[in-house]
Amino acid sequence: MNSFNSIKHGKSGEFSTSFGFRMKEIRLRKGMTLFEVGAFLNVQKSLVRKLEIGMRNIQIKHLPAYSEAFDISIPDLLDFDKKVSDLINPVRSLSQNIT
C-alpha cells in the first residue's frame, strides 16, 4: 500500500503536508527555485511556498501541471514511499556506470 492510500482517510492536513514536503524535496533535488516553479505554473512563488509547507491544499486538477513542471509522473509524485533520489537521477546513475 503506498502512502497516498494510507493517508487519504487520515487527518485533513496530513496529505497537504506530505505532498508539500515531497514537492519541496523534488524542487530542491532538481535545483529549481520557488520563482522558477511559480513561473512554470503561472502562479506566485508565495503560493508554491504555501503548498510546500502545507498551508494550502493542492487541487487534483492541478496535478498534471506539477507533474510536468518537475518532469515526473503523477503516480511517482504521489508515491511518498519512493525516494526522490530514485526518481530524479536514474539516468545520471546509469551514465556514470557507462563511463
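Look above for the structure.
In this report, the structure presented in the accompanying data block is examined. This structure is a prediction, so every number in the text was calculated from the model and none was measured.

Cut-offs and rules
Residues numbered from 1 in each chain as written. Predicted model: local features only at pLDDT ≥ 70, side-chain atom pairs only at ≥ 80, totals over all residues. Heavy atoms only, no water. Helix = DSSP H or I, 4+ residues; strand = E, 2+ residues; numbered from the N terminus. Buried < 20%, exposed > 50% of the residue type's maximum accessible area, 1.4 Å probe, protein only. Contact = heavy atoms within 4.5 Å. Areas by Shrake-Rupley, 256 points an atom, 1.4 Å probe, with all protein chains shown as cover. Phe/Tyr/Trp six-rings, centres within 6.5 Å; stacked < 30°, edge-to-face > 60°.

## Section: the overall build of the chain
- Along the backbone of the chain there are eight helices and zero strands.
- By the burial criterion, 33% of the 99 residues in the chain qualify as buried.
- A sequence separation of at least 24 residues applies to 66% of the contacts in the chain between residues at least 6 apart.
- Summed over its atoms, the accessible surface of the chain is roughly 6,700 Å², and 53% of this surface lies on carbon and sulfur atoms.

## Regarding the packing of aromatic side chains
- Summed over all chains, the structure comprises three aromatic pairs.
- Centroid distance Phe15 to Phe19: 6.0 Å. Interplanar angle 20°. Geometry classified as stacked. Of this pair, Phe15 and Phe19 both sit in helix α2 (residues 12-29), four residues apart, which is roughly one turn of the helix.
- Under the relative-accessibility criterion, Phe15 is labelled buried at 19%.
- Judged by its relative accessible area of 1%, Phe19 is buried.
- Aromatic side chains Phe19 and Tyr66 sit 6.2 Å apart centroid to centroid with 85° between the ring planes, which places their arrangement in the edge-to-face category. Taken together, the residues Phe19 in helix α2 and Tyr66 in helix α5 (residues 63-70) connect sequence positions 47 residues apart. Like Tyr66, Phe19 is buried.
- An aromatic cluster is defined as three or more aromatic residues linked by ring pairs; in this entry it consists of Phe15, Phe19, Tyr66 and Phe80.

## Digging into the environment of Leu63
- Tracing the sequence through the fold places Leu63 in helix α5.
- Along the backbone, Leu63 and Leu77 are 14 residues apart, and their C-alpha atoms lie at a distance of 8.6 Å.
- Setting aside chain neighbours within four positions, we find Leu63 in contact with Phe19, Ile58, Ile74, Leu77 and Leu78.

## Looking at the side chain of Ser16
- As for its placement among the helices and strands, Ser16 is situated in helix α2.
- We classify Ser16 as buried; its relative accessible area is 4%.
- Among all residues touching Ser16, those that are not within four sequence positions of it are Leu51, Gly54, Arg56 and Asn57.

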